[in-house]
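# A structural walkthrough
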Amino acid sequence: MAKMLVDFAPIVERHERLGDSLGLELLVVRDDLLPFPLPGNKVRKLERELRDSSVGEVLLSNGGIDSNHCRTLALYGARLGLPVHLVLHSSADQGSASFDLLDLLGASYDVVTSAQIGSTLDRVETAYHNRGTAVRRIAGGCHTPAGAMAYRDVGLQVIEQHRPDVIVVASGTGATHGGLAAAAHGSHTEVIGVSVARNADRGIAAVLEAAGWAGAPTARVKFADSFVDGGYGQHGLATTAAVAHGWSFGLPLDPTYTGKAFAAMADDEFRDAYLRNKRVVFWHTGGLMNLITDGVQHTARRGVENG
Ligand SMILES: *Cc1c(COP(=O)(O)O)cnc(C)c1O
């Protein structure tokens, strides 16, 4: 058995000035602070996923070249002393700061087109098996029962301690959102997932699957799909404005995940419908690396001469 990792207590901050700017009571769960330099929700998911990993096992997974799941898996593989192999997809011959990190962490990887992901994973797995090496294949994004259960458990802690009316969280593969929805099941807390890519049909099915893994297959799933702003890894002015709003009040946000979730919070119609005058937990899932690697669309600021 690989050595147990740390169980992180939730870091909950009160953001009074930012909350006032939105007309609500704002608490922020800072999963973006665990642990440097690759913080975010993948830490909680992978920490649970890897608890029963075995020495000698190779960890195999996949994602985009800037996947937080893949970077974090490489970090935890290095900490646990388990080899990591990643199948990364990319549409072009892109460079990425991720490669430097993966190299430093000692992970190996293939870069393929999205059509080649499945066959490459199979080929790599067979090659390890033929050498007598055990392989643990982890679903992309760590969309796994362990990932959902990790978020159910930390969600229960936050709901019990802070009794929020609403939790707002970025929803991607759905394990984080589903785990939190399972935690809120049967309480007065409403969990709203803000989609970073998927439309409601596809998104809700994945979130319900994850809620089921976490023991609540009939959990209420509230899924907002009007803030995807161009799709996964894309963003426009609404997301840029939301990212700038957060940073200007001292809350770091990124354009791929948390900026989209925050765009919902900053939207007048959405706020009137779900959030105004309520106690709201914004569940910060990380993403600083996405800001550093992707940047945001810049609006020039020239001070006084702009009037
Ligand atoms: C992966 C990721 C998400 C989405 O989490 P899911 O559990 O896949 O829905 C949200 N925010 C950040 C920063 C992420 O890296």
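Let us look at the structure shown here. (Residues numbered from 1 in each chain as written. Predicted model: local features only at pLDDT ≥ 70, side-chain atom pairs only at ≥ 80, totals over all residues. Heavy atoms only, no water.)

## So, the site of the ligand
- Taken together, 14 residues are adjacent to the ligand, and Lys42, Gly172, Thr173, Thr176 and Thr285 come closest.
- Within the contact set of the ligand, an oxygen atom lies 2.9 Å away from a side-chain nitrogen or oxygen of asparagine 41.
- Threonine 285 is positioned such that a nitrogen or oxygen atom in its side chain is 2.6 Å from a nitrogen atom of the ligand.
- Considered on its own, the ligand offers 380 Å² of accessible surface; in the complex 97% of this is hidden by protein.
- Every element with two or more residues in the shell around the ligand is listed here: α2 (41–49) and α7 (175–184).
- Taken together, the residues that form the shell around the ligand break down as 2 nonpolar, 10 polar and 2 charged. (Near = heavy atom within 4 Å. Polar contact = N/O pair within 3.5 Å; in protein donor to acceptor, adjacent residues only side chain to side chain. Areas by Shrake-Rupley, 256 points an atom, 1.4 Å probe, with all protein chains shown as cover. Helix = DSSP H or I, 4+ residues; strand = E, 2+ residues; numbered from the N terminus. Nonpolar A, V, L, I, M, F, W, Y, C, P; charged D, E, K, R; others polar.)

## Focus: the sheet that holds strand β8 (residues 190–195)
- The 6 strands lie next to each other as β1-β2-β10-β7-β8-β9, forming an open sheet whose pairing is mixed. Looking at the sheet topology across the chains shown, the edges are occupied by β1 (12–14) and β9 (222–224). In this sheet, adjacent strand axes meet at a mean angle of 25° when their direction is disregarded.
- In this structure, β8 lies alongside β9, joined through 3 bridges in parallel fashion. Bridging from a neighbouring strand, valine 194 pairs with alanine 224 of β9.
- Packing against the sheet, α7 makes contact with β7 (166–171), β8, β9 and β10 (279–284), and its axis sits at approximately 170° to β8.
- Sheet strands in contact with helix α10 (residues 258–266) are β2 (25–30), β7, β8 and β10, and its direction is about 165° off that of β10. (Pairing = 2+ DSSP bridges. Axes fitted to C-alpha atoms, helices over the stretch in contact; angles between N-to-C directions. Contact = heavy atoms within 4.5 Å.)

## Points about the sheet that holds strand β5 (residues 108–112)
- Taken in spatial order, the 4 strands of this open sheet run β5-β4-β3-β6, and their pairing is parallel. At either end of the open sheet lies a strand with only one pairing partner, and these are β5 and β6 (135–137). The mean angle between the axes of side-by-side strands here comes to 20°, regardless of whether they run parallel or antiparallel.
- In terms of strand pairing, strand β3 (residues 58–64) meets strand β4 (residues 84–89) through 6 bridges, oriented parallel. Bridge assignment links glycine 63 to a residue of β4, and that residue is leucine 88.
- Packed onto the sheet, helix α3 (residues 68–80) meets β3 and β4 and runs at close to 160° relative to β3.

These figures come from the coordinates and say nothing about function on their own.
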